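# Secondary and tertiary structure notes
Below, each chain spelled out in residue letters.
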Number of protein chains: 2
Amino acid sequence: MSVTNAPKELFKPLQLPLRILTGPGPSNCSQRVLDALKQQVLGHLHPEILQLMDDIKAGLRYAFQTVNRLTLAVSASAHVAMEAAIGNVLERDEKLLVVKAGLWGERAADMAQRIGIHVDFFHVEPGVAFKLEDFEEAVKRHRPAAVFVAHSESSTCLVQPVEGLGEICHKYDALLIVDTVASLGAEPFFADAWGVDVVYTGSQKVLGAPPGITPMSFSPLAEKKIRSRKTPVHSFNWDMTWLGRYWNCFEAENGPRPYHHTISATLVYGLREALALLAEEGLEASWARHHAVKAKFHEALAKRGYGFYVEQPRHRLATVSSILLPAGVDAPSLIAFAKDRYNVEISGGLGPTAGKVVRIGLMGVNATPGHVDLVLRALEEGVKHVKDRTISSA
Amino acid sequence: MSVTNAPKELFKPLQLPLRILTGPGPSNCSQRVLDALKQQVLGHLHPEILQLMDDIKAGLRYAFQTVNRLTLAVSASAHVAMEAAIGNVLERDEKLLVVKAGLWGERAADMAQRIGIHVDFFHVEPGVAFKLEDFEEAVKRHRPAAVFVAHSESSTCLVQPVEGLGEICHKYDALLIVDTVASLGAEPFFADAWGVDVVYTGSQKVLGAPPGITPMSFSPLAEKKIRSRKTPVHSFNWDMTWLGRYWNCFEAENGPRPYHHTISATLVYGLREALALLAEEGLEASWARHHAVKAKFHEALAKRGYGFYVEQPRHRLATVSSILLPAGVDAPSLIAFAKDRYNVEISGGLGPTAGKVVRIGLMGVNATPGHVDLVLRALEEGVKHVKDRTISSA
């Protein structure tokens, strides 16, 4: 049988721009992380990889502020961690209460419904933090088996206070699932002290590793729920009884690490180094740095007359900001200008903020005063450019 | 609230061995692939990433020998591609016929059952290729909506001829799903000419990219089945109507590429470069190289008196060989010797071959005559070492 010709496009050399990733993520990786990525791969059960997985577990317990033994990273994007969180602690026909405050709640609901979980919504105003008493009212009314909340709703750029939610959930026998994809490492977070049962974050935001490997942690209560399931988790790939054994989470009960899947050594290297950098900087120093950068950025924006989608300053996320589009300025033109002139990424809105804002992210290695100055310049000149163009074409 | 101390293990510098990965996979990456991995990340919708995704689609159509428009890579391991293959073309309560010839059939069945698909087995003798007439008999008896077959059953190291299976499946209105994780690029494979409806392979075997991104392709018939589903795919993450749009597979019907998930730029770089290397070598040259290496290796083994788990030489996989353990030699001792003395990976058996064989993989950049000599030396000395030790301790 004859073989088709090799495709021409693959004969072009790989050429990539060095872009400053100041959108909602991924953020740039540090040079140390990039240096780790180029190391030759190793097997998924080689002792050196298992050691790095142990390092990662320790680093994640620190980052999440937890002693949960079932702490690990899934070999996929944060969207998969969302599915794994819901799919492990809930069974078919159980009820999930979703706080619908932006895109993440919608996606969580979609994922849950696909595996036969019943979804109720706690509808809240996008960009506004909900109140504990309203939350309790919703949990009391719906009596879910679990509740989904985004700590960092990066579609609106709200940071939702999580303290107190765990207590309410547990009062009504519900588990608390929290998405910290765009906040962990930048916003204070205490998984254990706040009674969080399942939490996950993104590798490619504050932590500054490449995407494709996603940190998660399950409380003893969540683990108990998983162990008492009557039906298997819907996916072999995200079944925490398998993954926990592979990550050697179960102490005396663990047994030998099984062959579950081929973990990406490359991404293990990157995440391990990213967590090493966080450990070296210190969690509190990282929180303080991100908050100082946010303060500088937001003060400068306010001084220049920009408005924010999230009105309450203390509920504005430290990592990603949703800045209202000035009158007469469209997001695509502004985004194109920043990219073409400054090689800087600015992003449009998403979900409830689509067409209303631009989103700028300053996190990980990009959370520096110099980056604040750079994105401000790109934004200011971009707005001027788009306005001038609009006037001259009118 | 006070923060716990940063974990000490993360203050150790990252130190990795350079191991020769001659187990069943992952195989080593080429220097060109490793160089690509260290490039700074880019966003999941940046034009440069979208261009590389287009390059990958072209490269995969070539590698699979298909013109399928729905050709892409999922952002996870090959186990996820297995789940995505089954979960997209089948709905709850439909029937999957699984050829049970080793571990992969078992895992496919597990994944299918978890999402409510009924599984029937076509039991075949491990290590022996089944016959077309027996296959037809099984399809006729069970009348499944789809059939799962491993082209490369790497647990036994059998290559199962696929030609003719598509015709039989289609005669009985079944779709044909083929796992080529350990064969694509080494064993001749013609997805279109052989009537394969869903096929996937591993990035980390013959192709020589890191694990974590997995090539897949769906025939027009498979696509039609997906489009006529009455229920949504069980996972948002692997729903091909979403992923196909993100990968811009649907031509005029595609619409703008949506934000589905954050693809790992790092792994996109690696897979693109791996496919570029395949295009440069040429598919037929790669097949010939792997077969020449297998011939040299197997002749040398036979001359030294080793036996093979797969008796029929032409059904022995070109990439990974299952070599019967000589009397008195245990796999763990042999594996430890090869690793400690030669830094060479030899692997034990898996599933039906566990405890009976060692598996040695020569694929991708490791499919060279020099690697044959190296693994032979490690094997020969290892066997001698283990036997001597056994005698001296007797």
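Keep in mind the model is a prediction, meaning the values are calculated, not measured.

What counts, and at which threshold
- Residues numbered from 1 in each chain as written.
- Chains lettered and ligands numbered in written order.
- Predicted model: local features only at pLDDT ≥ 70, side-chain atom pairs only at ≥ 80, totals over all residues.
- Heavy atoms only, no water.
- Contact = heavy atoms within 4.5 Å.
- Buried area = accessible area lost by both parts, 1.4 Å probe.
- Salt bridge = Lys/Arg side-chain N within 4 Å of Asp/Glu carboxyl O.
- Helix = DSSP H or I, 4+ residues; strand = E, 2+ residues; numbered from the N terminus.
- Nonpolar A, V, L, I, M, F, W, Y, C, P; charged D, E, K, R; others polar.
- Axes fitted to C-alpha atoms, helices over the stretch in contact; angles between N-to-C directions.
- Parallel < 35°, antiparallel > 145°, perpendicular 65-115°, else oblique.
- Left-handed = near helix turned anticlockwise from the far one by under 90°.
- Least-squares fit on C-alpha atoms with pLDDT ≥ 70 in both.
- UniProt positions renumbered as here; feature names shortened; annotations may be inferred.
- Buried < 20%, exposed > 50% of the residue type's maximum accessible area, 1.4 Å probe, protein only.
- Polar contact = N/O pair within 3.5 Å; in protein donor to acceptor, adjacent residues only side chain to side chain.
- Domains from an automatic or database assignment.
- Pairing = 2+ DSSP bridges.

## Comments concerning the interface of chain B and chain A
Tallying the contact residues gives 94 residues for chain B and 94 residues for chain A. Summing both sides of the interface, chain B and chain A together bury roughly 7700 Å²; the carbon and sulfur share of this comes to 63%. There are four salt bridges connecting chain B and chain A. For the salt bridge of B:Arg114 with A:Asp239, the shortest nitrogen-to-oxygen distance reads 2.8 Å. Take the side of chain B that touches chain A: its biggest share by element is nine residues, from helix H9 (residues 265-281) of chain B. Looking at the side of chain B that touches chain A residue by residue, the class counts come to 49 nonpolar, 26 polar and 19 charged.

## Focus: the packing of helix H10 (residues 283-303) of chain A against helix H12 (residues 369-393) of chain A
Residues and elements named next belong to chain A. In the contact formed by H10 and H12, the axes pass within 9 Å of each other and the chain directions differ by 25°. As the angle between them shows, H10 and H12 are arranged roughly parallel. Crossing angle aside, the handedness with which H10 passes H12 is right-handed. Across the interface between the two elements, Val293, Lys296, Phe297, Ala300 and Leu301 from H10 touch Pro369, Val372, Asp373, Val375, Leu376 and Leu379 from H12. Along the lines of polarity and charge, the residues of the contact of H10 with H12 split into nine nonpolar, no polar and two charged.

## What about the relation of the copies chain B and chain A?
Of the two same-sequence chains, chain B is brought onto chain A (RMSD 0.0 Å, axial shift 0.0 Å) by a rotation of 180°. Here the two chains are linked by the operation of a two-fold rotation axis. An overlap of 100% is found between the interface residues of chain B and their copies at the interface of chain A, pointing to a shared contact surface.

## Remarks on the UniProt feature "binding site: substrate" (unreviewed entry) in chain A
All names here are of chain A. The UniProt feature table records "binding site: substrate" (unreviewed entry) at Arg359. Looking at the secondary structure, you find Arg359 in strand E12 (residues 357-361). We classify Arg359 as buried; its relative accessible area is 5%. Polar side-chain contacts of Arg359 include one of 2.8 Å to the backbone oxygen of Ser154.

## Some details on the domain arrangement of chain A
Residue and element names in this part refer to chain A. Parsing chain A into structural domains produces domain 1 (20-25 + 282-392) and domain 2 (31-279). The distance between the C-alpha centroids of domain 1 and domain 2 comes to 28 Å. The partner domain 2 presents 30 residues to the 26 residues of domain 1 that form the contact. Between domain 1 and domain 2, the buried area comes to about 2200 Å², and carbon and sulfur atoms account for 65% of it. Run the count over domain 1 and domain 2 and you get zero salt bridges. Taken together, the connections running from domain 1 to domain 2 amount to 14 residue pairs in polar contact (both at pLDDT 80 or more). At the level of elements, H10 and strand E10 (320-324) are the ones that each hand at least two residues to the side of domain 1 that touches domain 2. Here the side of domain 1 that touches domain 2 gets five residues from one element, more than from any other, and that element is H10. Grouping the amino acids of the side of domain 1 that touches domain 2 by side-chain chemistry returns 11 nonpolar, 11 polar and four charged.

## Quick look at the sheet that holds E10(A)
Sheet strands pair via backbone hydrogen bonds, and the direction of the pair is either parallel or antiparallel. All names here are of chain A. Pairing is antiparallel in the open sheet, where three strands are placed in the order E10-E12-E11. Of all strands in the sheet, those with a lone pairing partner are E10 and strand E11 (347-348), marking the two edges. Pairing geometry for E11 and E12, over two bridges, is antiparallel. Bridging across to E12, Ser347 finds its partner in Arg359.

## Structural notes on the side chain of B:Lys225
Residue and element names in this part refer to chain B. For Lys225, the location among the structural elements is in helix H7 (residues 220-227). Among the residues examined, Lys225 registers a relative accessible area of 18% and is labelled buried. If sequence neighbours within four positions are ignored, Lys225 has contacts with Val89, Leu90, Glu94 and Leu175.

## Some details on the environment of B:Ala81
All names here are of chain B. Mapped onto the secondary structure, Ala81 falls in helix H3 (residues 78-89). Considering only alpha carbons, one finds Ala81 and Asn366, 285 residues apart in sequence, at a separation of 25 Å. With residues up to four places along the chain from it excluded, the contact list for Ala81 reads Val74, Tyr200, Thr214 and Met216.

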